[in-house]
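Commentary on secondary and tertiary structure
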Amino acid sequence: MAREIYAYKCRLCDTMHYPFRMVCKNCKQNDFFEFDTVPLPKEGKLLTFTRVYNLPPQYEVPTLGLGIVELENGMRMLGQLDIDEPKAGMAVKGSVEIVRQETYDGYYGMVFRSA
Amino acid sequence: MRDVYVAGIGITTFTRLEFALSEIASYASMMALKDAGITEVDQVYVANMGAPRVNHQTALASAVVDSLSLTPAGAAAIENGPASGGSAIKAGFQAVASGMDDVVLVVGVERMREVNGLEATDFVATLTHPIAEYIYGVTLPAHAAMFTRLYMDKYGVTERHLAMVGVKNQNAALNNEWAHLQQEISLEGILDSPEAMTNNPYVAEPLRFFDACPVSDGGAAIILVSEEKAKELGRPLIKISGVGQATDTHAVHEREEPTDLLAVRKAAADAFEMAGLTPDDVDVAELHDAFTILEIVESEEVGFFPKGEGHIALEKGETALGGKIPINVGGGLKGRGHPVGATGVAQAWEIVTQLRGDGGERQVEGANVGFTCNFGGFGNNVVCLTFEKEA
Amino acid sequence: MSVDLEKILRPIPAEMAPYEPKYMLLASGEAAVVRAVDRDEIPDLLKHVEPLLHVERDYYDVVASRVYAELLSHYQYRFQDQYVLAVQVDGELAAIVNGRQVTPTLGLSLHTLALRRGLRVGAHAFAAKMEYHFDVLGHDEVLIVAESPIGFRRWMIEYKLEKRFEIPHELGGVPSWALTRELFDAARSSLVVGRRPVPPEILEKAMEAILPPSDPPTPALDPLSATRSKYDPTATALMVERWAMEGGMQDA
Ligand SMILES: CC(C)(COP(=O)(O)OP(=O)(O)OC[C@H]1O[C@@H](n2cnc3c(N)ncnc32)[C@H](O)[C@@H]1OP(=O)(O)O)[C@@H](O)C(=O)NCCC(=O)NCCS
Ligand SMILES: [Zn+2]
């Protein structure tokens, strides 16, 4: 099963949100959970990126690539990068994998590689 | 609304302080109480971000108010990330302005060197969006780095500009006996020499070691009073004339224009409007330079320079002592240190010192109007204040 | 008679090639010189190590007392094949490092003591002594221990040292770590800096006299303060946790 990360689409005004929020940013409707979930596209281009050297103690790798990606549908998301030499504007493709492991719990998130 | 004045200020050295958290808060508070010449207050606000997590202490305000023997005054702690200090000052301002209280002690405190550096980084990172940011290993340096890269591409800011801010502020700290860093640095040593990459390695590309503020312990306190009380106490009349606070999306990627810091823009505009001032009226400013890039961007967003030109003003020396608008003459977060909860109050401490004319080596000549920008989250919660000296 | 006894007590020194001085710019823009310290200069160092015996923070007390003993016994001919390097900034003593040759292929790192903080002076000094072991003495491996969390982060983590826990280190018999030639080569580009030759005026200033450090580490205000912290103020516990996750410490 391919794992997905979801965007939240307002049932009243169609505005897409990521991450989840309780009230639509656009129409501010206040009916409980009036959102449909829509998988975020996996493809996009890299907007900005960094390589971090001082990581939180849970990480067992010495450095970590991170970036913000502009997805095909115009939405943005932050993810880990598995790219040796990232360049702004490059095409990337994401896959949902474990991005953080805390003792027993693994957290899933998007990892981008060059497309 | 009543006018609100700062009648007393106090601070501890910012460094690694091996004292209990409430002791650190108390030192700064005692100095401020002494400075104001008072022994009783109506209300205490304690600004702090990490006590429950880093120091395993909750309900900090109760500990502080008792340690200072100020009971039965009201007391509450305010946690608002790195903007806790500014937020506590705002709460104190509201208490006095509303007429509810006449004397309020606002003290900011943090003791984050109780844990090692990596844990401290993780603790600060908990302010990011839990599922869209934190789980990925995003830290504040990472956010600042990604933001910096966009700024470099769009406006031509270079690593040299960043290093110039670092050198300016860290060396300014040499004129501030309370500052954490007391070590001169030079562009040659951190940027140009063959050894620079080792002396000044990347922490999050393109940001390097000397682009980030140190992890510090420390406390700072101010006493806010009504006009009547201020005149009675007879300390120099320094008025808080404008208060602005604004928020922005929690997840940084959701911002429409990723190089804008709209909360800074709005908080500053609101503070200036309330005070009836413009950015040009400001004689001395404290901006939140947790990372060197932030001083450049904030100097634009608060209105000192047009968007995209902060680094040019820096090049011309306009932000240095003696320049058009001296910024962070006491070292800023970069040189003074950044005990997160204390920072907003420490900024006010510096501005009041300047407006009183007590700045010594770092005094801005004829400073009458001061400004602070306390930046929380990665720009999602910002408090700006204006201060004016009354003759 | 006593002359003969002295002969027995003194170790017979091995040939050890000299360390050629180098210099580097620090973040402050000041030039730091790393150079070998002669036996007759040892008393000049001892003067500045002694006050650190009373600095009960960051393990300065432990490290300084051991360094004091090592330098003194080196001076009095009671130490086998010890070398001492010093870092000086404008003549002022900024760091001391020492170590010894165990066999022609094995080196042993003793101590690193920084008398000026915040500029990686200690890290530069440590890199210089590793350079001495590998590039001058031709060792294949250097045994290392850390006595402080800062040292642990600087050496074990930055150089990614290998475990040699089966070998008790000469410093207190604790498990050893090792820097191999391979690891050192990998670290060269990022951690080892310095230029040769040292410009004559800078070298002369350094050789002329070892001047007192202008801002040496001082004792904590409250001598018990270090023990007040309830939680591990180090990264060590985290590393231990990490090893446990990797499959236990016993097979380390
Ligand atoms: C270990 C040592 C040699 C490293 O020296 P160095 O590379 O020059 O590094 P510094 O000591 O300046 O900086 C290391 C740490 O001290 C902190 N520091 C810097 N200036 C400081 C000061 N004036 N006061 C207290 N701490 C300071 C740095 O922030 C850094 O902390 P971090 O690791 O949490 O980021 C040195 O700290 C030292 O001599 N310590 C005592 C003896 C010792 O432990 N020797 C190693 C035994 S294995
Ligand atoms: Zn909607």
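Residues numbered from 1 in each chain as written. Chains lettered and ligands numbered in written order. Predicted model: local features only at pLDDT ≥ 70, side-chain atom pairs only at ≥ 80, totals over all residues. Heavy atoms only, no water.

Points about the overall build of chain A
Counting its secondary structure elements, chain A contains zero helices and eight strands. Overall, chain A shows an N-to-C arrangement of helices and strands of β-β-β-β-β-β-β-β. Reported as C-alpha extents along the three principal axes, the dimensions of chain A are approximately 45 × 35 × 30 Å. A buried classification covers 43% of the 115 residues belonging to chain A. In chain A, once contacts between residues fewer than 6 apart in sequence are set aside, the share between residues at least 24 apart is 47%. Carbon and sulfur atoms form 49% of the exposed surface of chain A, whose accessible area is close to 6100 Å². Across chain A, the centroid of the 14 positively charged side chains sits 4 Å from that of the 15 negatively charged ones. (Helix = DSSP H or I, 4+ residues; strand = E, 2+ residues; numbered from the N terminus. Buried < 20%, exposed > 50% of the residue type's maximum accessible area, 1.4 Å probe, protein only. Contact = heavy atoms within 4.5 Å. Areas by Shrake-Rupley, 256 points an atom, 1.4 Å probe, with all protein chains shown as cover. Lys, Arg positive; Asp, Glu negative; His and termini not counted. Charge placed at Lys NZ, Arg CZ, Asp CG, Glu CD.)

Some remarks on the domain arrangement of chain A
For an interface, size is often stated in terms of accessible area lost upon the parts coming together. Residue and element names in this part refer to chain A. Domain parsing of chain A yields domain 1 (6–39) and domain 2 (43–114). For domain 1 and domain 2, the distance between their C-alpha centres works out to 25 Å. Facing the four residues of domain 1 at the interface are four residues of domain 2. For the pair domain 1 and domain 2, the two sides together bury roughly 280 Å², of which 76% comes from carbon and sulfur. The interface formed by domain 1 and domain 2 holds zero salt bridges in total. The interface formed by domain 1 and domain 2 contains zero residue pairs in polar contact (both at pLDDT 80 or more). (Domains from an automatic or database assignment. Buried area = accessible area lost by both parts, 1.4 Å probe. Salt bridge = Lys/Arg side-chain N within 4 Å of Asp/Glu carboxyl O. Polar contact = N/O pair within 3.5 Å; in protein donor to acceptor, adjacent residues only side chain to side chain.)

Comments concerning helix H3 (residues 60–75) of chain C
Residue and element names in this part refer to chain C. The terminal C-alpha atoms of H3 lie 22 Å apart, and with 16 residues this matches the ideal 22 Å at 1.5 Å per residue to within 8%. All of the buried residues along H3 are Tyr60, Val63, Ala64, Val67, Glu70, Leu71, Ser73 and His74. Tucked inside the fold, the buried residues of H3 contact helix H2 (42–49), strand S3 (82–89), strand S4 (92–103) and strand S5 (106–114). Positive phi appears at Tyr77, one or two residues downstream of H3, with a value of about 60 degrees. (Expected span 1.5 Å × (residues − 1).)

Regarding the interface of chain A and chain B
Contact with chain A, which involves 35 residues of that partner, is made by 32 residues of chain B. Its largest share of buried area at the contact with chain B, chain A owes to Pro19, Arg76 and Leu78 of chain A, together 21% of the area lost on that side. Inspection of the region where chain A meets chain B yields two salt bridges. Across the pair Arg21 of chain A and Glu254 of chain B runs a salt bridge whose closest N-O atoms are separated by 2.9 Å.

A closer look at the pairing of strand S6 (residues 76–81) of chain A
Residues and elements named next belong to chain A. The element S6 is largely enclosed, with a buried count of six among its six residues. One ladder, built from six bridges, connects strand S5 (residues 64–71) with S6; its direction is antiparallel. Bridge pairing links Gly67 to Gly79 in S6. Here S5 folds back onto S6, and the loop between the two strands holds four residues, one of which, Gly74, carries a positive phi near 90 degrees. Direction of pairing for S6 relative to strand S8 (residues 105–114): parallel, over a ladder of two bridges. Along S8, the bridge assignment pairs Gln80 with Val111. (Pairing = 2+ DSSP bridges.)

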